[in-house]
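One-letter residues, chain by chain:
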Protein chains: 2
Amino acid sequence: MLRTHTCGALNISDLGKEVIISGWVQKSRDLGGMTFIDVRDRYGITQIVFNMEENDTLCKLARTLGREYVVQVAGTVIERSSKNLKIPTGEIEIKVSAIEVLNESKVPPFMIEDETDGGEELRAKYRYLDLRRNVVRKNLELRHRMAQETRKYMDSLNFIEVETPVLIKSTPEGARDFVVPSRMNNGEFYALPQSPQTFKQLLMVSGFDRYFQIVKCFRDEDLRADRQPEFTQIDCEMAFVTQEDILNTFEGLAKHLFKAVKGIDIHEFPRMTYADAMRLYGSDKPDIRFDMKFVELNDVVKGKDFKVFDDAELVVGVCAKGCAEYTRKQLDELIDFVKRPQIGATGLVYARVQADGTLKSSVDKFYDEAALNLWKEKFAAEPGDLILILAGKADKTRKALSELRLEMGSRLGLRAKNVFAPLWVLDFPLLEWDEENNRYHAMHHPFTSPKPEDISMLKTNAGDVRANAYDMVINGTEIGGGSIRIFNKELQSTMFDLLGFSKEEAQKQFGFLMDAFEFGAPPHGGIAFGFDRWCSLFAELDSIRDVIAFPKNNSGRDVMIDSPSTISNEQLKELGIKTL
Amino acid sequence: MLRTHTCGALNISDLGKEVIISGWVQKSRDLGGMTFIDVRDRYGITQIVFNMEENDTLCKLARTLGREYVVQVAGTVIERSSKNLKIPTGEIEIKVSAIEVLNESKVPPFMIEDETDGGEELRAKYRYLDLRRNVVRKNLELRHRMAQETRKYMDSLNFIEVETPVLIKSTPEGARDFVVPSRMNNGEFYALPQSPQTFKQLLMVSGFDRYFQIVKCFRDEDLRADRQPEFTQIDCEMAFVTQEDILNTFEGLAKHLFKAVKGIDIHEFPRMTYADAMRLYGSDKPDIRFDMKFVELNDVVKGKDFKVFDDAELVVGVCAKGCAEYTRKQLDELIDFVKRPQIGATGLVYARVQADGTLKSSVDKFYDEAALNLWKEKFAAEPGDLILILAGKADKTRKALSELRLEMGSRLGLRAKNVFAPLWVLDFPLLEWDEENNRYHAMHHPFTSPKPEDISMLKTNAGDVRANAYDMVINGTEIGGGSIRIFNKELQSTMFDLLGFSKEEAQKQFGFLMDAFEFGAPPHGGIAFGFDRWCSLFAELDSIRDVIAFPKNNSGRDVMIDSPSTISNEQLKELGIKTL
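Residues numbered from 1 in each chain as written. Chains lettered and ligands numbered in written order. Predicted model: local features only at pLDDT ≥ 70, side-chain atom pairs only at ≥ 80, totals over all residues. Heavy atoms only, no water.

In this structure, what is going on with the overall build of chain A? I would like to understand it.
The secondary structure content of chain A amounts to 16 helices and 23 strands. Evaluated residue by residue, chain A yields a buried proportion of 57% over its 580 residues. Considering only contacts in chain A between residues 6 or more positions apart, those separated by 24 or more positions represent 66%. With an accessible surface of roughly 23700 Å², chain A has 49% of that area assigned to carbon and sulfur atoms. With 77 positive and 90 negative side-chain charges, chain A shows a spacing of 3 Å between the two charge centroids. (Helix = DSSP H or I, 4+ residues; strand = E, 2+ residues; numbered from the N terminus. Buried < 20%, exposed > 50% of the residue type's maximum accessible area, 1.4 Å probe, protein only. Contact = heavy atoms within 4.5 Å. Areas by Shrake-Rupley, 256 points an atom, 1.4 Å probe, with all protein chains shown as cover. Lys, Arg positive; Asp, Glu negative; His and termini not counted. Charge placed at Lys NZ, Arg CZ, Asp CG, Glu CD.)

Structure follows, in structure tokens:
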């Protein structure tokens, strides 16, 4: 080793030791006859010191070292005269007896500090320098810890990690596949998996009753800030289980990760039906770090000649505790917020509960004190509260109010990143109707089992059929989702019919799975977690970018290696393709 | 859970318990008024029993159950009258009180037994049934254990597992890349990584001084029996280390895996230079489970008018202990063996050491007793030994003799699959000359560092320059290989020159890496292990196929899912390509 200790290892108990450290020059200060240099590695920072009087050659050399030079330093651990108790190595320094410059460095394009001066694009191009920053490295260390602890937990429960193939077959369902032209089979293509779904189900048919995999998946979608073309899942499947077994097993995983990685004890997860989540939070992934549940007002607001409410399918609101004193400006901000195109409300009705308990609303001319008192009761509102109400088509209004609720939660400081509120959302609908294409889509995926008690409705009112499907939600983010699967060829075939697959398409795409179901498929179900998302949540970040070592930008480009890029004509010809 | 116990859990200590098991019908026997069924799951086999007299409905139902039906069985654990002490559950059976058929099964196309009647193609098409076989499942369980133990060891040494990207950039060096057309950047392509080489080096530049990853890699090569287009590596890199540190760290990994997975204590690995390996075994991956070293004979065989030896660049042989009594037929087999085109020798000279110590050779007319005695001395041959000699061009002859040596080792039973003999092969040449294209190739890869003491030869006799490169070899198989890397832009640039890259090509392909080297790259090196190969070695298999859940065939096809396959014209158009 080119060191006896790391830059984070030495402390007051090492005084007098002869040591060698290696690392990067973080900072250098010349104070009279002394030069102090902070040497950094992954483990910390150690100060080294040179004295012009004692060794001017060495000290002069030290003064030539630029930021990010790589050095190997030998010397004696001594006590610092001016201690820095904020870092573990802050009581000591190394009095240098020899130093070797292992490599020089150009001046880096931005500061290698927690608070850097580099913009996003510059840091992306020099990602290898951005990764030197403490805050970025810590995220990847956390990711490693998450993966290790996940595997530890799963292994302890007899789950086997099985690697499923990356070069698979394109399926038309859902998002777009990335494809790979085959040189050995010109004109044919592999696809990269959007998930190992069919393979994990085949493993259940094979009798591997407990499978998991931390696995890269691929989706060729237009990217948003928090989407990446390649992403990582914790993919899991179990046989001979009910939904309850799956919920318990993976609630256990979550609790284990909370404890092992974050040091947090989490109690039993609340469970909420999809119907309740939509009714009470307007979202299938409610943020329950704070309460502020929806209150429906149709029965107390209609028939008072306020046309907006009278015409609305749904009038629904939330009560923001302690916001009665909001200024006109603050209220206008909220009105602007709900009117933004991505929210889409046409207006906002509000009512302040005044100190004396009376209400002052923006629609006082339609509602008298008695009417407003009914509102207050509905919301259990107290003096000082602000009631915020939206109205319109039910689905759209719930969605808009959900956004407003989250906005109010943020304004009220109720969404701290270091507070975690997980829950299960259950009983998702099996299908969703696609108005545009006049057909059903699978809400989860086509292999999801309807609830046994709802199967009879498949032929009559399929849209009402609930699935044995569940999501794990933490802080308003869907961390994982899964379902009990169909394991019967006829029911699977019925599902493909409902989803508008012709027999031929179904056979071409999923024939191998349906064939497999004829050879003794066991009851099974599973779940998949968005690993990047979960890491970013635990790292208390907004985006998944910084828990990924080499992420791509919103155009799917890696600007550091400049990829994608053109390939040669010979290569294209060998692959049997040409560009348009 | 649809069971209280697995099919491997119950034994004599559970007598009297009311239990539920679930699994597959392995075998069914009707004996008079009794029906016995073996129910199988991943964990074992449990016998269940039905009695026609006690419950004829249940017993009649039992007699309708076909092989591979999935059943859930409730009953009481009782002692068997006729015990099978070969299996842990063999002393008990379950007297069935209720049985539910969870799923039926068609008759499987081959027997789900260790020794199956299914041919390779049939088993590939129904891989999900092949995976039900005990012997196949055990391989994947071993693979899981290998991965878990690898991660445990690496984590304990502060290595961080970092996921590097799968969608990267095509490089012209080495084997062919698989490419992925970009929909968002028409005309451009990602490539799938042949290894994360450049990324792991960038991570070293980033200060992640200990990186590893168990990672899928991809090579679009014509496939041999033991190659797959997608394969898995244990990829590792360390900074601030010498070659010695890397050898010790990963010898430690190997010892840990031997102990944890195979229960075998392995002592210090022998080390051998590439030059010695070639001279003594004719191979850079010698199988040292047995000795039978090469003995060079030029100085004792030349000048005796035997033209074959006189004309040969090298005369070299091995001594097969105890084979003097080989029949004419056996010797002819060996001659045929070395004359096979893939071996390419023109003939084989042999000499038997007879009981009285005298030699009887196939070239007695050229060599008298005194001359033959010199041979005997060289080989330290004893009565009963058989000396086998090849002659010709040095490289080709060594290669042929290496094959003959392995063949003799096999014939003598010296290559038992449950015996393991690892070693390090060191000091590989940096470059190899490509006669055809009149240029050098990197023996390992273009980032490998020459030995410091050999650098001066780069401009004069580059072919003699040795690299700080090393392979871990077990039982004649290269399990892993790596090198100390170049970490200096000028030296890297010299290497690209030697390898015939123009400045522009080098910049286009590896500019980001050379740029990174200007910002304080630390000394670093690493190694990558063929994970599939290592698992198959530990599973004592010949091919890597059966340690891969869903392998592809020699045409790169997955015959189960029928991939690769055609994709739609719309999809092609969106991707900006068309097929030729």
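Once you've had a look at it, read on.
Help me understand the side chain of B:Ser402 in this model?
Tracing the chain through its elements places B:Ser402 in helix α12 (residues 394–411). When sequence neighbours within four positions are dropped, the list of residues in contact with B:Ser402 reads B:Tyr281, B:Gly282, B:Ser283 and B:Phe294.

Any chance you could explain the confidence of the model for chain A here in plain terms?
A low pLDDT score tells you not to read the predicted coordinates there in detail. For chain A, per-residue confidence averages 95 on the pLDDT scale, and 99% of positions sit at 70 or higher. The complex model carries a pTM of 0.96, and its ipTM stands at 0.95. (pLDDT = per-residue confidence, 0-100.)

Any chance you could explain helix α11 (residues 369–379) of chain B here in plain terms?
The α-helix winds at 3.6 residues per turn, so residues separated by three or four positions along the chain end up facing the same way. Residue and element names in this part refer to chain B. Inspection of α11 places Ala371, Leu372, Trp375 and Phe379 among the buried residues, and these make up the whole buried set. End-on, the buried residues of α11 take up no more than an arc of 95 degrees, which puts them together on one face. Residues Glu369, Ala370 and Glu377 are exposed on α11 and point more than 90 degrees away from its buried face. One or two residues past the end of α11 sits Ala380, with phi positive at roughly 50 degrees. (Arc of directions from axis to C-beta.)

For this particular structure, what's the right way to read helix α14 (residues 503–516) of chain A?
Compared with the 20 Å implied by 1.5 Å per residue over 14 residues, the 17 Å span of α14(A) between its first and last C-alpha is markedly short. By the largest-angle criterion, A:Phe510 marks the main kink of α14(A), which is about 85 degrees. Regarding α14(A), the residues found buried are A:Ala506, A:Gln509, A:Phe510, A:Gly511, A:Phe512, A:Leu513, A:Met514 and A:Ala516. Those residues of α14(A) that are buried are in contact with α5 (197–205) and α13 (489–498) of chain A together with α3 (127–130) of chain B. (Expected span 1.5 Å × (residues − 1). Bend = angle between axes of the 7 residues up to and from the residue.)

How should the pattern of salt bridges be read in this particular structure?
As a working rule, side chains carrying opposite charge can pair if their charged atoms are close by. Taken as a whole, this structure holds 126 salt bridges over all chains when the rule is applied. With a shortest N-O distance of 3.4 Å, A:Lys83 and A:Glu91 are connected by a salt bridge. Take A:Lys83: its relative accessible area is 36%, and that puts it in the partly exposed class. For B:Asp220, the salt bridge is made with A:Arg183, and the minimal N-O distance between the two is 3.1 Å. Placement of B:Asp220 in the loop between β9 (210–218) and β10 (230–239) and of A:Arg183 in the loop between β7 (179–181) and β8 (189–191) is noted, with the two residues assigned to different chains. The network of salt bridges with shared partners includes A:Arg3, A:Asp41, A:Arg42, A:Arg137, A:Glu141 and B:Asp209. (Salt bridge = Lys/Arg side-chain N within 4 Å of Asp/Glu carboxyl O.)

I keep staring at a negative patch on the surface and nothing clicks. Help me out?
All names here are of chain A. A cluster of acidic residues, Glu113, Asp114, Glu115 and Asp117, forms a negative patch on the protein surface. Note on placement: Glu113 falls in the loop between β5 (92–103) and α2 (120–125). A relative accessible area of 30% means that Glu113 is categorised as partly exposed. (Patch = residues over 30% accessible without salt bridge, like charges linked within 9 Å, V, L, I, M, F, W, Y side chains within 5 Å.)

Looking at this structure, how should I read the sheet that holds strand β3 (residues 44–51) of chain B?
To summarise the sheet geometry, strands pair through backbone hydrogen bonds and adopt either a parallel or an antiparallel arrangement. Residues and elements named next belong to chain B. In spatial order, the strands read β1-β2-β3-β5-β4; together these five strands close into a barrel with mixed pairing. Pairwise comparison of adjacent strand axes, ignoring direction, gives a mean angle of 55 degrees for this sheet. The pairing of strand β1 (residues 18–31) with strand β4 (residues 70–79) spans seven bridges and is antiparallel. Residue pairing in the sheet places Gly23 in a bridge with Val71 of β4. (Pairing = 2+ DSSP bridges. Axes fitted to C-alpha atoms, helices over the stretch in contact; angles between N-to-C directions.)

Would you explain the interface of chain A and chain B in this entry?
It is common to report an interface's size as the accessible area lost on association of the parts. With 124 residues of chain A at the contact, the number on the chain B side is 124 residues. Summing both sides of the interface, chain A and chain B together bury roughly 11100 Å²; the carbon and sulfur share of this comes to 59%. Our count for the chain A to chain B interface comes out at 20 salt bridges. The partner of A:Glu518 in a salt bridge is B:Lys106, and the shortest N-O contact between them spans 3.2 Å. (Buried area = accessible area lost by both parts, 1.4 Å probe.)

Where do I start with the packing of helix α10 (residues 328–339) of chain A against helix α12 (residues 394–411) of chain A in this structure?
Each packed pair of helices is defined by two parameters, the angle between the axes and the distance between the axes. All names here are of chain A. With their axes 10 Å apart at the nearest point, α10 and α12 run at an angle of 145 degrees to one another. The two elements α10 and α12 meet at a crossing, and its hand is right-handed. Residues Gln330, Glu333, Leu334, Phe337 and Val338 of α10 touch α12, and the partners they reach there are Glu403, Leu404, Glu407, Met408 and Arg411. (Left-handed = near helix turned anticlockwise from the far one by under 90°.)

Sorry if this is basic, but what is going on with the domain arrangement of chain A here?
In terms of domain boundaries, chain A breaks down into domain 1 (12–103), domain 2 (136–272 + 421–548) and domain 3 (290–411). Centre-to-centre, using C-alpha coordinates, domain 1 of chain A lies 51 Å away from domain 2 of chain A. (Domains from an automatic or database assignment.)

What am I meant to see in the sheet that holds strand β4 (residues 70–79) of chain A here?
All names here are of chain A. Taken in spatial order, the five strands of this closed barrel run β1-β2-β3-β5-β4, and their pairing is mixed. On average, each strand axis in the sheet is inclined to that of its neighbour by 55 degrees, with strand direction left out of account. With two bridges connecting them, strand β3 (residues 44–51) and β5 associate as parallel partners. Opposite Val49, over in β5, you have Lys95 as the bridge partner.

Where do I start with the relation of the copies chain A and chain B in this structure?
Each of the two chain copies goes to the other by way of a rotation about an axis and a shift along it. For the pair chain A and chain B, the best superposition has an RMSD of 0.1 Å and corresponds to a rotation of 180 degrees with a translation of 0.0 Å parallel to the axis. Put plainly, the chains are arranged around a two-fold axis. (Least-squares fit on C-alpha atoms with pLDDT ≥ 70 in both.)

Teacher, can you tell me more about the environment of A:Val316 here?
All names here are of chain A. Tracing the sequence through the fold places Val316 in strand β13 (residues 314–320). Look at Val316 and you get buried, because its relative accessible area is 0%. Sequence spacing of Val316 and Ile548 is 232 residues, and the spatial spacing of their C-alpha atoms is 40 Å. Ignoring sequence-local partners within four residues, the contact set of Val316 consists of Phe294, Val295, Glu296, Leu388, Ile389, Leu390, Thr397 and Leu401.

Which parts of the structure should I look at to understand the state of the cysteines?
A covalent bond between the sulfur atoms of two cysteines is referred to as a disulfide. Residue and element names in this part refer to chain A. Throughout the structure, instances matching the rule amount to zero disulfides over all chains. Note on Cys59: no disulfide assigned, nearest cysteine sulfur contributed by Cys7 at a separation of 19 Å. Unpaired in terms of disulfides, Cys535 finds its nearest cysteine sulfur in Cys236, a separation of 14 Å. (Disulfide = S-S within 2.5 Å.)

Would you mind going over the pairing of strand β18 (residues 431–434) of chain B with me for this structure?
Remark: a regular strand shows side chains that alternate across the two faces of the sheet. Residue and element names in this part refer to chain B. Here β18 pairs with strand β19 (residues 439–442) via four bridges, running antiparallel. Paired with Asp434 across the two strands is Arg439, which belongs to β19. The turn linking β18 back onto β19 is made up of four residues, and Asn438 within it adopts a positive phi angle of 55 degrees.

Is there a simple way to think about unusual backbone geometry in this case?
What is expected of a backbone is that most residues other than glycine have negative phi and most peptide bonds are trans. Following A:Ser563, the chain continues to A:Pro564 via a peptide bond in cis, the omega torsion being 0 degrees. The phi dihedral of B:Glu540 is positive, around 60 degrees, even though this residue is not glycine. Mapped onto the fold, B:Glu540 is located in the loop between α15 (531–538) and α16 (569–574). The phi dihedral of B:Asp562 is positive, around 60 degrees, even though this residue is not glycine. Structurally, B:Asp562 can be placed in the loop between α15 and α16.

Explain the environment of B:Phe208 to me, please; I cannot follow it from the model alone.
One can find B:Phe208 in the loop between α5 (197–205) and β9. Judged by relative accessible area, which is 0%, B:Phe208 ranks as buried. Sequence separation of B:Phe208 and B:Tyr326 is 118 residues, and the distance between their C-alpha atoms is 59 Å. Excluding anything up to four places from it in sequence, B:Phe208 contacts A:Arg42, A:Leu131, A:Arg137, A:Leu140, B:Ile160, B:Val162 and B:Leu203.

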